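Chain by chain, the residues:
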Amino acid sequence: MLNALSVDVEEWFQVGAFETVIARDAWDGFAPRVERCCDKVLALFDRAGVKATFFTLGWVASRHPELVRRIAAEGHELASHGWDHRRVFTLNRESFRADLARARAAIEDAAGCAVTGYRAPSFSIDARTPWAHEVLAEEGYAYSSSVAPVAHDHYGWREAPRFAFRPVAGADLIELPVTTVELGGRRMAAGGGGFFRLLPYLFSDWAIGRVNRVEARPAIFYFHPWEIDPDQPRLAAAPLKSRLRHYTNLSAMEPKLLKILAAHRWGRTDLVVEAERERLQ
């Protein structure tokens with residue numbers, strides 16, 4: 001079973017957990033770290049022998065076009081993460097369309113290849129944004145991986161399907177939700193990110209195996225380049241909860257990733273989408 005491996009390409013200071021203490025107009029005042037972190041990710045993937053999808057902010061692509069070209073040259077998929085990490089539920093239909101266009105242009109100009117995939121910042125397509133999938137379909141995207149079918153204080157659409165679905169009737173667009181697992185009547189996130197970093201490795205290994213073997217579906221896994229950067233600056237002004245989520249277990253992340261990459265079969269998101277598309281015919 002081929003599982004989708006993905007990286008949400010953003011700087012450490014652009015995360016949703018810090019959005020109340022770092023203004024967007026202050027971003028250019030921070031020393032960039034995303035390029036060196038992504039190079040570490042590329043080296044890790046090369047060592048593991050896997051390809052992945054890099055959901056990239058247009059803001060990053062416009063400032064680091066050489067990085068985007070390296071990602072594409074190494075056989076990975078480039079997809080969009082929006083322009084500057086604005087959550088979709090803070091936009092309306094037309095501002096979302098403009099955000100998509102600006103990000104896509106920056107990534108395609110840098111990479112020299114078409115962008116057909118999208119992931120909303122902080123999985124922010126939910127019940128509040130019934131128009132978002134319609135806009136993605138109208139703009140010709142093949143897929144979105146923007147839904148987290150869980151209840152969470154930062155995001156989540158608990159009522160959404162757990163596996164691939166067609167969100168717009170009559171359109172080719174596929175939505176590929178991030179992986180969850182049901183345990184004891186409770187639905188838990190199991191698709192990477194902070195959950196993978198904070199929870200014991202055995203839980204993630206078990207959850208991915210269960211989704212593959214028992215439910216016969218692919219897992220959708222993601223992480224961020226800053227999660228393998230234990231030397232990043234510490235933001236004392238952030239709330240304690242945000243600091244704990246962001247900084248805990250950074251040093252353990254890289255070896256943990258290598259272990260999960262060796263334990264399961266991984267590939268680009270677009271390849272998993274095509275397999276799921278056949279299932280949905």
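Fair warning: this is a prediction, and the values are worked out from it, not measured in the lab.

Asks: Sorry if this is basic, but what is going on with the overall build of the protein here?
Replies: Within the protein one finds 10 helices and 10 strands. Overall, the protein is about 50 × 45 × 35 Å in size when its C-alpha atoms are taken along their principal axes. Counting across all 281 residues of the protein, residues that qualify as buried make up 56%. If you take every contact in the protein between residues at least 6 apart in sequence, the share linking residues at least 24 apart comes to 76%. Accessible surface for the protein amounts to roughly 11500 Å². Of this, 52% is attributable to carbon and sulfur atoms. Computing the positive centroid from 36 side-chain charges and the negative centroid from 36, the protein places the two 6 Å apart.

Asks: Just checking my understanding: could you explain unusual backbone geometry for this structure?
Replies: Leaving glycine aside, a negative phi is the common case for residues, and trans is the common case for peptide bonds. Positive phi outside glycine occurs at H85, with the angle close to 65°. The backbone of S122 shows a phi angle near 55°, a positive value even though the residue is not glycine. Of note, S122 is situated in the loop between β4 (117–118) and α5 (132–138).

Asks: Please explain the packing of aromatic side chains as it appears in this structure.
Replies: Geometrically, a pair of aromatic rings is defined through the distance of the ring centres and the angle of the planes. Here the structure, examined in full by the defined rule, presents 18 aromatic pairs. A ring pair is formed by W12 and F13, whose centres lie 5.6 Å apart and whose planes are at 85°; its orientation type is edge-to-face. Given a relative accessible area of 3%, W12 falls into the buried group. With a relative accessible area of 2%, F13 lands in the buried category. Taken together, W12, F13, F18, W27, F30, W59 and Y247 form an aromatic cluster joined through their ring pairs.

Asks: Would you mind going over the packing of helix α3 (residues 65–73) against helix α4 (residues 93–111) with me for this structure?
Replies: Helix packing geometry: the angle between the two helix axes and the distance between the axes. For the pair α3 and α4, interaxial distance at closest approach is 8 Å and the crossing angle is 70°. When the axis of α3 is compared with that of α4, the two are roughly perpendicular. Crossing angle aside, the handedness with which α3 passes α4 is right-handed. When α3 is examined against α4, the residues P65, V68, R69 and A72 are found in contact with a partner set consisting of I107, A110 and A111. Residues belonging to the contact of α3 with α4 are distributed by class as follows: 6 nonpolar, no polar and 1 charged.

Asks: Explain helix α9 (residues 250–263) to me, please; I cannot follow it from the model alone.
Replies: Note: α-helices contain 3.6 residues per turn, so residues at a spacing of three or four share the same orientation. A rise of 1.5 Å per residue sets the reference length of α9, with its 14 residues, at 20 Å; its end C-alpha atoms lie 21 Å apart and thus fit the reference within 8%. Of all the positions in α9, only L250, M253, K256, L257, L258, I260 and L261 are classed as buried.

Asks: Even after reading the chapter, I still don't get the packing of helix α1 (residues 34–48) against α9, so can you show me in this structure?
Replies: It is at 10 Å that the axes of α1 and α9 come closest, and there the two elements cross at 35°. Handedness of the crossing formed by α1 with α9: right-handed. On α9, the residues touching K40, L44, F45, R47 and A48 of α1 are E254, L257, L258 and L261. Along the lines of polarity and charge, the residues of the contact of α1 with α9 split into 6 nonpolar, no polar and 3 charged.

Asks: Can you walk me through the nonpolar core in this structure?
Replies: Counting residues in hydrophobic clusters, the biggest one holds 66 residues, and the most contacted among them are L5, F45, F54, F96, Y118, F221 and F223. Residue contributions to this core peak at 7 residues, all from α4. When neighbours within four sequence positions are excluded, F45 is seen to be in contact with L5, V7, V50, A52, F54, H76, F223 and L261. Membership of the second largest hydrophobic core comes to 10 residues, among which are F55, A79, Y143 and I174.

Asks: Help me understand the pairing of strand β3 (residues 77–80), please; the structure alone is not making it clear to me.
Replies: In summary, the side chains of a regular strand alternate between the two faces of the sheet. Residues E77 and A79 point to one face of β3 and L78 and S80 to the other, with burial holding for every one of them. With 4 bridges connecting them, strand β2 (residues 53–56) and β3 associate as parallel partners. Its bridge partner lying in β3, T53 is registered against E77.

Asks: Help me out: how do you make sense of the state of the cysteines in this one?
Replies: Two cysteines joined by a covalent bond between their sulfur atoms form a disulfide. Evaluated as defined, the whole model comprises 0 disulfides. Residue C38 stays outside any disulfide, its sulfur separated by 7.1 Å from that of C37, the closest cysteine. Residue classification places C38 among the buried positions, given a relative accessible area of 0%. Just so you know, C113 is unpaired, no disulfide at all, and the nearest cysteine sulfur is the one on C38, 15 Å from it. The exposure class of C113 is partly exposed, given its relative accessible area of 30%.

Calculation criteria
- Residues numbered from 1 in each chain as written.
- Predicted model: local features only at pLDDT ≥ 70, side-chain atom pairs only at ≥ 80, totals over all residues.
- Heavy atoms only, no water.
- Helix = DSSP H or I, 4+ residues; strand = E, 2+ residues; numbered from the N terminus.
- Buried < 20%, exposed > 50% of the residue type's maximum accessible area, 1.4 Å probe, protein only.
- Contact = heavy atoms within 4.5 Å.
- Areas by Shrake-Rupley, 256 points an atom, 1.4 Å probe, with all protein chains shown as cover.
- Lys, Arg positive; Asp, Glu negative; His and termini not counted.
- Charge placed at Lys NZ, Arg CZ, Asp CG, Glu CD.
- Phe/Tyr/Trp six-rings, centres within 6.5 Å; stacked < 30°, edge-to-face > 60°.
- Axes fitted to C-alpha atoms, helices over the stretch in contact; angles between N-to-C directions.
- Parallel < 35°, antiparallel > 145°, perpendicular 65-115°, else oblique.
- Left-handed = near helix turned anticlockwise from the far one by under 90°.
- Nonpolar A, V, L, I, M, F, W, Y, C, P; charged D, E, K, R; others polar.
- Expected span 1.5 Å × (residues − 1).
- Core = buried A, V, L, I, M, F, W, Y, C linked by side-chain atoms within 4.5 Å.
- Pairing = 2+ DSSP bridges.
- Disulfide = S-S within 2.5 Å.

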